[in-house]
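In case you want the letters, here they are:
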Number of protein chains: 2
Amino acid sequence: MQTHFTIDCVILTFDEGQLKVLLAERNEYPYKDWWALPGYFVNKYEEMADAVARILFEMTGLKDIYMDQLAAFAGVKRHPEGRILTVAYMALVQMEEVKNKISSGSTYMRQLKWFPVTELPDLAFDHKDIIELSLDRLKKTVTFSTTPYELLPAKFTLTQLQQVYEALLHKQLDKRNFRKKINNLGYLKELNEFQKGVSYRAAKLYSFDKKKFHKIFSQD
Amino acid sequence: MQTHFTIDCVILTFDEGQLKVLLAERNEYPYKDWWALPGYFVNKYEEMADAVARILFEMTGLKDIYMDQLAAFAGVKRHPEGRILTVAYMALVQMEEVKNKISSGSTYMRQLKWFPVTELPDLAFDHKDIIELSLDRLKKTVTFSTTPYELLPAKFTLTQLQQVYEALLHKQLDKRNFRKKINNLGYLKELNEFQKGVSYRAAKLYSFDKKKFHKIFSQD
DNA sequence: ACAAAAGTGTTGCGTGTACACCCATGC
DNA sequence: GCATGGGTGTACACGCAACACTTTTGT
């Protein structure tokens with residue numbers, strides 16, 4: 001037996017203090033006019049990794065983004081025209097880096113838009129399940145991973161970092177304890193720069209030191 | 001584009017102090033006479049969960065086993081006759097419970113056999129990658145999960161439990177510290193029974209208290 | 001001056017780790 | 001009586017949680 005086979009992309013970012021996911025408004029049946037994850041069919045002789053990169057680019061204009069496989073979804077009824085197996089991938093991106101690159105190069109969808117994960121519209125297919133699974137996955141891997149830094153610009157304040165942790169973990173953290181812990185991690189670089197354009201005391205900026213991070217976690 | 005679609009099962013157990021995986025000797029081309037994971041094609045109108053249960057039963061004789069999705073593998077060249085997408089599932093079973101139930105009801109394979117994960121034979125397709133991924137997954141989820149208890153008989157000694165942890169984590173643990181930690185978990189029942197048939201001091205038996213476990217971990 | 005967010009220390013408690021010897025049993 | 005694994009305690013270091021006030025800046 002054979003099945004159609006697609007890739008769907010869960011692209012997450014952090015913006016305005018919350019986690020957001022990139023959705024596409026469909027321009028085709030089924031689910032025309034519904035919001036859905038950007039995704040499309042895999043070609044016959046195409047490796048999955050290549051298909052993921054191609055589909056991501058065609059649907060969103062994004063390139064060179066590391067995508068992690070989330071899971072396969074293959075419910076017989078998930079697509080009204082018969083089973084379509086989809087392999088969902090997820091990626092974390094920095095809003096500043098991508099916001100000018102995003103464009104729907106496909107007539108298959110009408111527009112792309114970021115939605116806070118706490119305020120999702122009705123979604124096509126089982127895409128809501130897919131997003132929820134990606135958030136679970138994220139929650140499990142926050143600590144001791146580069147996850148938070150993939151969501152932030154290269155220079156960020158400690159408050160922003162704390163907000164990312166809070167959004168990922170779904171709970172409030174204590175400011176002093178958070179800063180103490182972060183300091184002890186040893187892979188944050190304190191910069192001699194400050195926030196600009198705020199009407200209150202400007203916060204110091206920090207950056208993530210990838211080299212130090214890998215040095216610390218390379219001994220298994 | 002359409003693709004063939006199979007399920008492969010990674011069935012793990014703990015026996016003779018080591019982790020073992022159930023493999024099948026293939027009786028069909030390609031890879032005739034090679035060892036492979038038990039697996040087969042999904043039917044057209046079959047839900048994945050149903051397919052997993054059916055294939056597991058047909059290939060191994062096992063029933064009512066909870067299987068977790070591991071990942072989809074879809075390399076164009078993984079099968080010599082063209083792409084066959086496989087969704088790998090994994091499960092943990094207790095040797096005592098299954099050892100008399102295992103039988104290959106399919107002519108598709110010649111025999112089933114348990115292999116220590118540290119001594120795998122050459123494997124068909126990309127099945128070695130699949131097994132390695134399952135072991136990685138396991139390692140990440142040992143602590144604070146029921147994983148170890150799924151691999152052990154209902155009554156077990158603390159030394160057996162420690163061996164399971166050591167096999168899963170790939171490292172040696174200190175006996176006293178291990179026991180202290182285990183005691184503090186609060187979901188082990190100390191039984192008034194002892195090991196039998198050993199030529200040394202018989203160890204006390206313990207059992208896993210599922211109710212207490214869930215009580216402890218239910219507050220999120 | 002006021003609003004807004006930045007920044008800063010101490011203490012108690014629990015958990016992880018290192019480490020070595022006696023005990024019970026079957027043969 | 002000997003071989004084999006079962007079973008036990010203490011001391012130190014470290015990380016986590018609880019908790020409130022002063023400082024800086026722009027308007």
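Residues numbered from 1 in each chain as written. Chains lettered and ligands numbered in written order. Predicted model: local features only at pLDDT ≥ 70, side-chain atom pairs only at ≥ 80, totals over all residues. Heavy atoms only, no water.

Peer 1: Teacher, can you tell me more about the environment of B:Gln111 here?
Peer 2: All names here are of chain B. In this structure, Gln111 sits in strand β7 (residues 109-116). Classification of Gln111 by relative accessible area gives partly exposed; the value is 34%. When the C-alpha positions of Gln111 and Lys196 are compared, they lie 32 Å apart, and in sequence the two are 85 residues distant. Not counting residues within four places of it along the chain, the set of residues in contact with Gln111 comprises Leu23, Ala24, Glu25, Trp35 and Ser104. (Helix = DSSP H or I, 4+ residues; strand = E, 2+ residues; numbered from the N terminus. Buried < 20%, exposed > 50% of the residue type's maximum accessible area, 1.4 Å probe, protein only. Contact = heavy atoms within 4.5 Å.)

Peer 1: So what exactly am I meant to see when it comes to the protein's contact with DNA strand D here?
Peer 2: Taken together, 17 residues surround DNA strand D, and among them A:Asn177, A:Lys180, A:Arg201, B:Lys175 and B:Lys204 come closest. Counting only atoms of DNA strand D within 4 Å of the protein, the fraction found in sugar and phosphate groups is 36%. Here a base nitrogen of DNA strand D and a side-chain polar atom of A:Asn177 are 2.9 Å apart. Of all the secondary-structure elements, those providing two or more residues to the surface near DNA strand D are α6 (175-185) of chain A together with α6 (175-185) of chain B. (Near = heavy atom within 4 Å. Polar contact = N/O pair within 3.5 Å; in protein donor to acceptor, adjacent residues only side chain to side chain.)

Peer 1: I would appreciate a short explanation of the UniProt feature "domain: Nudix hydrolase" (unreviewed entry) in chain A in the present structure.
Peer 2: Following the UniProt record, one finds the feature "domain: Nudix hydrolase" (unreviewed entry) at residues 4-138 of chain A. End C-alpha to end C-alpha, residues 4-138 of chain A measures 28 Å, and it is 21% helix and 36% strand. (UniProt positions renumbered as here; feature names shortened; annotations may be inferred.)

Peer 1: I keep staring at the interface of chain A and chain B and nothing clicks. Help me out?
Peer 2: Think of interface size as the accessible area that goes away when the parts come together; that is how it is often given. Between chain A and chain B, the contact holds 23 residues from the first and 23 residues from the second. Together, the buried faces of chain A and chain B total about 2100 Å²; carbon and sulfur atoms form 54% of this surface. Taken together, the connections running from chain A to chain B amount to zero salt bridges. Linking chain A with chain B are eleven residue pairs in polar contact (both at pLDDT 80 or more), by the criterion used here. Looking at the side of chain A that touches chain B residue by residue, the classes come out as twelve nonpolar, six polar and five charged. (Buried area = accessible area lost by both parts, 1.4 Å probe. Salt bridge = Lys/Arg side-chain N within 4 Å of Asp/Glu carboxyl O. Nonpolar A, V, L, I, M, F, W, Y, C, P; charged D, E, K, R; others polar.)

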